[in-house]
Amino acid sequence: MRLPRMITIWLAGAAVLLPVAACSAEEPAPGKAPQAAPAAPTEEPVEVKTHPFTGKPYEQLKPVLAVKIENTAAGKPQLGLKSADIVYVEQVEAGLTRLMAIFSSKLPAKVGPVRSARISDLHIAPQFGKPAFSYSGVQTKMLPFVAEASLFDVGDTRNPAAYFRQPGRFAPYNLFATTKKLIAKAPKASKAKDIGFTFGDAPEGGTPRKSYTVKWPAARFTFAWSEEKKQWMIWQDGKKDMAAEGGQLGAPTVVIQYTKTERSEFHDLNDSYTPLVHTTGKGKAVVLRDGQAFNANWERKSEKDGTTFTTESGDPMNFAPGQVWVALASRKPVIP
């Protein structure tokens, strides 16, 4: 297990020499004993702990909350994503995408629109230990899988008091949740821990990029670098991805994690099969940070393990401190 990441700041005190009068270079002034220069203060490190999800300073690790959020035009703008530590982009039926937002270092008051869970969520969640998991509904056939998964179920069926219908929106895109009520129903939810991410200076070998586009069968994301904001601003299907709180969504680090996507045993009423995104094993990735794209490798040995990212030479692929988006994509978009 990795030790908590820390930044060490050295406080160096300067030694100040008091003037001493002397009548010669060898003898002290009459009536005065020689005086030694004061010793330099001892250097003492001040430890600043950095959060395992964001690389930013924190005072106390808090429980992890995962929320499934709608990601089509009908559900936008989403509320709460700006406060997430990590946002996963997952493929669902018909080649569309849905988000799973991970909260821990800070919680927005409300989040949504909350939507139904998918089998891929249950394979991503265990690396966080046993997080609280917020969602709205699931296929009947998948209920036993949710019951056995490494998570605390705080969905709308188990915890209806935490959910409400947002005025001005239409169902099913109007279901939102109060985060404090979600966390209150999962008092034993795992606190944030090391999930394999490393933060720090960018490695060498990056390629300058103004933008990077990732495609799914029925969705397209473009991440465009803003030197002013030091973030990759997010566009979806040719439109700015706006937040309900105001402003365009963006993140200092975006990871395009290339994974194997295949047909799961689950499907909807139209016989559109749910993709199963494999997030264990090994694969290739592209990491966007500081206006550059870095080729990288990823590895996750088991579902309980985190995902490590390394450069092509095998060194840690450091992320920029702040929110991280992880786009789980296939090299060739496919509807399984």
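Residues numbered from 1 in each chain as written. Predicted model: local features only at pLDDT ≥ 70, side-chain atom pairs only at ≥ 80, totals over all residues. Heavy atoms only, no water.

Asker: Just checking my understanding: could you explain the nonpolar core for this structure?
Answerer: Here is a general trend for soluble globular proteins: nonpolar side chains tend to be buried in one another's company. The biggest cluster of nonpolar side chains holds 43 residues, and the ones touching the most others in it are Trp 216, Phe 223, Ile 256, Leu 288 and Trp 325. Residue contributions to this core peak at four residues, all from strand E13 (residues 219–226). The next biggest cluster of nonpolar side chains, apart from the first, holds 37 residues, and it includes Met 100, Ala 192, Ile 195 and Val 255. (Core = buried A, V, L, I, M, F, W, Y, C linked by side-chain atoms within 4.5 Å. Buried < 20%, exposed > 50% of the residue type's maximum accessible area, 1.4 Å probe, protein only. Helix = DSSP H or I, 4+ residues; strand = E, 2+ residues; numbered from the N terminus.)

Asker: Any chance you could explain the pairing of strand E5 (residues 97–103) here in plain terms?
Answerer: One face of the sheet, then the other: side chains in a regular strand alternate in exactly this way. With respect to burial, E5 is a largely interior element, seven of its seven residues being buried. Here E5 shows a buried face lined by Thr 97, Leu 99, Ala 101 and Phe 103 and a second buried face lined by Arg 98, Met 100 and Ile 102. Two strands pair when backbone bridges link them, and strand E3 (residues 65–69) and E5 are joined in this way by five bridges, in the antiparallel orientation. Within the sheet, the bridge partner assigned to Ile 69 lies in E5 and is Leu 99. As paired strands, strand E4 (residues 86–91) and E5 are joined by six bridges and run antiparallel to one another. From the neighbouring strand, Glu 90 faces E5, where its bridge partner is Arg 98. Joining the antiparallel neighbours E4 and E5 is a turn of five residues, in which Ala 94 adopts a positive phi near 65°. (Pairing = 2+ DSSP bridges.)

Asker: Even after reading the chapter, I still don't get the pairing of strand E14 (residues 231–236), so can you show me in this structure?
Answerer: Here six bridges tie E13 to E14, and the two strands are oriented antiparallel to one another. Its bridge partner lying in E14, Ser 226 is registered against Gln 231. The antiparallel hairpin formed by E13 and E14 contains four residues in its connecting segment, where Lys 230 sits at a positive phi of about 55°. As paired strands, E14 and strand E16 (residues 250–251) are joined by two bridges and run antiparallel to one another. Within E16, the position partnered with Trp 232 by the bridge is Ala 251. Note that E14 and strand E15 (residues 239–240) share two bridges and pair antiparallel. Counterpart to Trp 235 in the pairing with E15 is Lys 240.

Asker: Just checking my understanding: could you explain the pattern of salt bridges for this structure?
Answerer: Side-chain pairs of opposite charge can arise whenever the charged atoms involved come near each other. Scanning all chains against the criterion turns up nine salt bridges. One salt bridge connects Glu 70 with Arg 115, and the closest N-O pair in it is separated by 2.5 Å. With Glu 70 in the loop between E3 and E4 and Arg 115 in the loop between strand E6 (110–111) and helix H1 (119–124), this residue pair connects regions lying 45 residues apart in the sequence. You can call Glu 70 buried: its relative accessible area is 2%. Bridged by salt links that share partners, the residues Glu 70, Arg 98 and Arg 115 form one connected network. (Salt bridge = Lys/Arg side-chain N within 4 Å of Asp/Glu carboxyl O.)

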